[in-house]
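For reference, the chains in residue letters:
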Amino acid sequence: MLGRNQDRLTGLLTREGFIEFSRKFTGQDGQAVIWFNLDNFKMFNKRFGFTRGDEILKEIALILDGIFPRDENLLARFSDDNFVVLTNWISAEINIDTVQEYLYSLHEDVTLRLRAGIYFPSDDEDIRSAFDRAKLACDSIRKNHSVSSCMFHNGMSKELSLQQHILDNLDYAFKNELITVLYQPIVRLSTGKVCEAEALTRWNDPELGLISPAEFIPTLEQYREIHKLDIFAMKKVCHDYKTRNDNGLKLLPTSVNLSRLDFELCDIIQEIELAVTLNNIPREMLRIEITESINEEDMTVLNLGIEKLRTMGYQVWMDDFGSGYSSLNVLKDYNFDTIKFDMKFLRGFDVNKSKKAKYIISSNLEMARLMGMQALAEGVETEEQLRYLRSIGFDKVQGYYFGKPMKLDEIFALNIGVEEVHSS
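In this report, we go over the structure that sits alongside the text. (Residues numbered from 1 in each chain as written. Predicted model: local features only at pLDDT ≥ 70, side-chain atom pairs only at ≥ 80, totals over all residues. Heavy atoms only, no water.)

## Considerations on the packing of helix H5 (residues 127–139) against helix H6 (residues 154–175)
Each pair of packed helices gets described by two things: the angle between the helix axes and the distance between those axes. To be explicit about the condition: Axes here mean lines fitted to C-alpha atoms, for a helix over just the part in contact, with angles spanning 0 to 180 degrees between N-to-C directions. What counts as a helix is a DSSP run of H or I of at least four residues, what counts as a strand is a run of E of at least two, and both are numbered from the N terminus. Note that the term roughly parallel is reserved for angles under 35 degrees, roughly antiparallel for angles over 145, roughly perpendicular for angles of 65 to 115, and oblique for everything else. The hand of a helix crossing depends on one turn: near helix anticlockwise from the far one by less than a right angle means left-handed, and clockwise means right-handed. Any two residues having at least one pair of non-hydrogen atoms within 4.5 Å are treated as being in contact. Residues are grouped as follows: Ala, Val, Leu, Ile, Met, Phe, Trp, Tyr, Cys and Pro are nonpolar; Asp, Glu, Lys and Arg are charged; all remaining types, including Gly, are polar.
Axis separation between H5 and H6 bottoms out at 10 Å; the angle between their running directions is 110 degrees. Here H5 lies roughly perpendicular to H6, going by the angle between them. Of the two possible hands of crossing, H5 and H6 adopt the one that is right-handed. The residues of H6 that touch H5, namely those facing Asp132, Arg133, Leu136 and Ala137, are Met156, Ser157, Glu159, Leu160 and Gln163. Each residue belonging to the contact of H5 with H6 can be placed in one class, and the counts come to four nonpolar, two polar and three charged.

## Let's talk about the nonpolar core
Rules: In this description, a nonpolar core means a group of buried Ala, Val, Leu, Ile, Met, Phe, Trp, Tyr and Cys residues linked to one another through side-chain atoms lying within 4.5 Å. Think of it in three bands: residues with accessible area under 20% of the maximum for their type are buried, residues over 50% are exposed, and the middle band is partly exposed, with areas taken using a 1.4 Å probe on protein chains only.
Within the largest apolar cluster, 76 residues are counted, with the highest numbers of intra-cluster contacts made by Ile272, Phe394 and Ile411. By residue number, the principal contributor to this core is helix H8 (residues 226–246), which donates nine residues. With near-sequence residues (within four places) excluded, Ile272 lies in contact with Met234, Leu258, Leu286, Ile288, Leu309 and Tyr314. Formed by 26 residues, the second largest nonpolar core is a distinct cluster that contains Ile56, Ala61, Ile63 and Ile96.

## With respect to the environment of Ile231
Among the secondary structure elements, Ile231 is positioned in helix H8. Ile231 gets classed as buried once you look at its relative accessible area, which sits at 13%. A C-alpha to C-alpha distance of 9.0 Å links Ile231 and Asp262, two positions 31 residues apart in sequence. Residues in contact with Ile231, not counting those within four places in the same chain, are Cys266, Ile268 and Glu271.

## A closer look at the side chain of Thr10
Going by this rule: Counted as a polar contact is a pair of N or O atoms within 3.5 Å, where, for protein atoms, one must be capable of donating a hydrogen and the other of accepting one, and residues adjacent in sequence contribute only when both atoms are in side chains.
Along the chain, Thr10 turns up in the segment before helix H1 (15–21). One polar contact links Thr10 to Asp7, side chain to side chain, over a distance of 2.7 Å. A polar contact is formed between the side chain of Thr10 and the backbone nitrogen of Leu12, at a distance of 3.2 Å. In this view, Thr10 contacts Leu57, Lys58, Ala61, Arg70, Arg77 and Phe83; residues no more than four positions away in its chain are not counted.

## Observations concerning the pattern of salt bridges
To be explicit about the condition: Only one rule defines a salt bridge in this text: a Lys or Arg side-chain nitrogen within 4 Å of an Asp or Glu carboxyl oxygen.
Applying the stated criterion across every chain yields a total of 21 salt bridges. Between Asp39 and Arg115 there is a salt bridge, and its shortest N-O distance comes to 2.5 Å. Linking Asp39 in the loop between strand S1 (31–38) and helix H2 (41–48) with Arg115 in strand S4 (residues 114–119), this pair joins segments that are 76 residues apart in sequence. For the pair shown, Asp39 and Arg115 are each scored as buried. Between Glu196 and Arg287 there is a salt bridge, and its shortest N-O distance comes to 2.7 Å. Of this pair, Glu196 sits in strand S7 (residues 193–205) while Arg287 sits in strand S10 (residues 286–291), and the two are 91 residues apart along the sequence. Across this residue pair, the class does not change: Glu196 and Arg287 are buried.

## Details of the sheet that holds strand S3 (residues 82–88)
Applicable threshold: For two strands to pair, DSSP has to find at least two bridges joining them.
In spatial order, the strands read S2-S3-S1-S4-S5; together these five strands make up an open sheet with mixed pairing. Among the strands making up the open sheet, the edge pair consists of strand S2 (74–79) and strand S5 (149–151). Between one strand and the next, the sheet's axes are offset by a mean angle of 20 degrees, whatever the strand orientation. When S4 meets S5, the two strands line up parallel, connected through three bridges. Each bridged residue has a counterpart across the sheet, and for Ile118 the counterpart in S5 is Met151. Packed onto the sheet, helix H3 (residues 50–67) meets S1, S2, S3 and S4 and runs at close to 0 degrees relative to S3.

This is the structure in structure tokens:
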């Protein structure tokens with residue numbers, strides 16, 4: 001009979017059981033915590049089915065049990081495809097390679113990569129801290145397929161410390177207005193005037209200074225807290241709109257970024273509707289941007305959400321087109337009103353020298369047109385880029401050429417002007 005601390009599928013310890021039983025190892029010399037993760041396991045389940053996926057997990061548990069016997073080591077399945085081992089450090093690396101060799105030999109028909117992160121805890125270190133560091137080491141080689149294991153080092157400690165600071169101070173940052181919303185103008189090329197704006201969050205921390213969105217957004221996504229940031233931004237955009245409308249000032253349609261995880265972590269459509277209703281905002285004044293980094297396993301929930309938003313009258317945009325490998329699949333499987341071409345297309349772009357870049361941009365623009373979508377190029381920094389984008393027929397552009405993210409009232413002071421919008 002399984003105990004309360006045993007995983008029902010594999011018979012290994014659960015996370016709670018691992019923490020509880022690790023106490024008897026406290027203070028022992030030469031320990032190593034190993035965090036294992038099976039690459040692309042959700043995709044494997046989708047392709048081969050959950051039954052075979054469960055069989056793989058049970059096989060991994062048996063392999064680990066054979067190489068790291070339970071009478072000498074602690075073995076646990078934390079969640080999904082994550083396994084953790086507490087063992088003697090001397091044989092840790094050798095045993096990791098042996099685990100992968102066994103997995104390869106059992107499944108020559110498919111490529112199954114079991115990444116591993118290794119951390120050597122100090123005698124009095126909390127076990128939770130130890131497996132967090134092992135996980136960070138494992139995550140660091142997610143995109144490096146030339147290696148299967150990595151040891152934690154001090155550089156990762158700084159990253160982990162920053163992540164912890166972000167998570168610990170998120171609510172405080174909201175409450176004390178350390179996280180603010182700025183707006184970047186979007187220009188319609190046919191008029192040369194600002195037609196919309198994108199809302200972007202910035203975090204000015206009293207201890208760390210400016211925390212880059214490239215740091216706090218991935219952290220909040222990794223730890224599944226991103227919906228809090230997106231709901232905060234949505235509410236702030238709606239509040240700013242109401243303030244201007246109540247004072248008879250000019251208005252501007254605004255796009256707000258959503259993570260695909262928002263559709264799993266909360267009822268994001270209800271949150272949008274609540275903010276829109278409370279601030280009396282016409283739905284056509286709000287655009288919803290969803291990043292291109294959409295995984296195939298997200299399709300059902302996300303697709304339903306996108307279609308519901310569009311049916312309700314919201315424009316839904318695809319952000320960062322071209323930043324990932326699945327662009328064409330995303331266009332095939334989802335309906336968007338506008339595609340935002342990622343700034344990487346334009347970084348260092350010399351239209352006189354880069355024929356490939358010109359071809360990529362123009363062919364993708366034509367594809368968007370054929371699908372009935374508008375095209376917006378972001379990351380425009382030079383007059384040369386702007387002239388080229390205008391010549392091939394982009395609808396809208398955005399970038400530092402027109403202005404960095406700024407306060408909303410500063411957009412209306414730009415000398416290029418703002419298209420007239422009337423509140424309904």
